[in-house]
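Close look at the chain arrangement
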Amino acid sequence: IAFDDPTPPKKRNPRAVDVLITEAQIQDRVRELGRQIEADYHGKPLTIVAVLTGSLIFLADLIRQIELPHRVALLQASSYRGATTSAGVLNVNEAFLPEVSDRDVLLLDDILDTGHTLATLVGRMSMQGARSIRTAVLLRKIGRQEVHLEPDYCGFIIPDAFVIGYGLDYNDDYRHLPYVGILTP
Ligand code: XMP
């Protein structure tokens, strides 16, 4: 089909990226995390709850490394810092969250930064009657955490820089990159 659209396609990767963690390093580490999770959840009713949108690629790769029956659930969480809401208040959309009561929940996020997102979500899952709650992050930023939360599974510890790729975005771009990188100025 020929489309008569005069708008040229938006260029992907408008800015150069310094690679911080390569595709091979991520794949190796995700495989290791999968083995760990398999061992820890053997025989348990596991539900992996992924925080959209940044954990999308991590979720897709990780569940293919877990040879255990498990459910996948999604929720969307975002921090609004606008005039109508006080700074850092977390808005949680649980539209795709099935029953987690009496399930062992593994909360999955792309990155642990201040820690507010995961800490708040652990509280929510607990109120919904989860049997146990653990957390998994691909990345943990050093020197930024504001609340106490020790992730049970962590892929990589990274320096305090804004990172993109492997699900993480800048202005809705760069999510598709198979590696994690830092935008060059
Ligand atoms: P908190 O501070 O609640 O934040 O731990 C977690 C959420 O903040 C986003 N975030 C980032 N997103 N590059 C991104 O693309 C980054 O360097 C970054 N640091 C934090 C992310 O959505 C995460 O779920």
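My aim in this report is to walk through the structure given alongside it, one point at a time.

The rules behind each value
- Residues numbered from 1 in each chain as written.
- Predicted model: local features only at pLDDT ≥ 70, side-chain atom pairs only at ≥ 80, totals over all residues.
- Heavy atoms only, no water.
- Helix = DSSP H or I, 4+ residues; strand = E, 2+ residues; numbered from the N terminus.
- Contact = heavy atoms within 4.5 Å.
- 1 Å grid on protein atoms, 1.4 Å probe; cavity = no way out; pocket = protein on both sides within 12 Å on 5 of 7 lines; lining within 4 Å.
- Points joined across faces, edges and corners; volume = space filled by probe spheres on them.
- Near = heavy atom within 4 Å.
- Polar contact = N/O pair within 3.5 Å; in protein donor to acceptor, adjacent residues only side chain to side chain.
- Areas by Shrake-Rupley, 256 points an atom, 1.4 Å probe, with all protein chains shown as cover.
- Sits in = over half its atoms within 2 Å of the grid points.
- Nonpolar A, V, L, I, M, F, W, Y, C, P; charged D, E, K, R; others polar.
- Buried < 20%, exposed > 50% of the residue type's maximum accessible area, 1.4 Å probe, protein only.
- Core = buried A, V, L, I, M, F, W, Y, C linked by side-chain atoms within 4.5 Å.

Attention now goes to the overall build of the protein. Along the backbone of the protein there are 3 helices and 9 strands. What you see in the protein, going N to C, is helices and strands ordered as β-α-β-α-β-β-β-α-β-β-β-β. When contacts within the protein are restricted to residue pairs at least 6 apart in sequence, long-range pairs at least 24 apart make up 67% of them.

With that settled, the discussion passes to the layout of surface pockets. Over the atoms, a rolled probe matching the size of one water molecule traces out where space is still vacant. Approximately 850 Å³ is the volume found for the largest pocket. Residue assignment for the lining of the largest pocket shows that the elements contributing at least two residues are strand 2 (46-52), strand 3 (70-80), strand 5 (104-112) and helix 3 (116-127).

Attention shifts here to the site of the ligand. In the vicinity of the ligand lie 14 residues, with Asp110, Thr114, Gly115, Thr117 and Val163 positioned nearest. Measuring from an oxygen atom of the ligand, one finds a side-chain N or O atom of aspartate 110 at 2.9 Å. Threonine 117 is positioned with one of its side-chain polar atoms (N or O) 2.5 Å from an oxygen atom of the ligand. Taking 500 Å² as the accessible area of the ligand by itself, protein coverage stands at 81%. In this structure, the ligand is accommodated by the largest pocket. Every element with two or more residues in the shell around the ligand is listed here: strand 5 and helix 3. For the shell around the ligand, the leading source of residues is strand 5, giving 3 residues. Here the residues of the shell around the ligand are counted per class, giving 5 nonpolar, 4 polar and 5 charged.

A word on unusual backbone geometry. Comment: phi is negative for the bulk of residues other than glycine, and the bulk of peptide bonds are trans. With an omega of 5 degrees, the peptide bond between leucine 52 and threonine 53 qualifies as cis. Structurally, threonine 53 can be placed in the loop between strand 2 and helix 2 (56-63). In this structure, asparagine 171 takes a positive phi of about 50 degrees despite not being glycine. Note on placement: asparagine 171 falls in the loop between strand 8 (163-164) and strand 9 (180-183). Using a relative accessible area of 60% as the deciding quantity, one classes asparagine 171 as exposed. Positive phi outside glycine occurs at aspartate 172, with the angle close to 65 degrees.

Moving on, we come to the nonpolar core. In terms of nonpolar packing, the biggest core is built from 27 residues, with Leu138 and Leu139 touching the most fellow members. At the level of secondary structure, the elements contributing two or more residues to this core comprise helix 1 (23-41), strand 2, helix 2, strand 5, strand 6 (132-141) and strand 7 (153-158). When residues of this core are assigned to their parent elements, the largest contribution, 5 residues, is made by helix 1. Discounting residues that sit within four places of it in the chain, leucine 139 has contacts with Ile21, Asp110, Ile111, Leu112, Phe156, Ile158, Val163, Leu168 and Val180. Counting 19 residues, the second-largest nonpolar core is a separate cluster that includes Ala77, Leu90, Met125 and Cys154.

Glancing now at the environment of arginine 124. Within the element layout of this structure, arginine 124 appears in helix 3. According to the relative accessible area criterion, arginine 124 is partly exposed, its value standing at 26%. In sequence terms arginine 124 and valine 92 are 32 residues apart; their C-alpha atoms lie 9.5 Å from each other. When near neighbours in sequence (up to four residues on either side) are disregarded, arginine 124 contacts Leu90, Val92 and Glu94.

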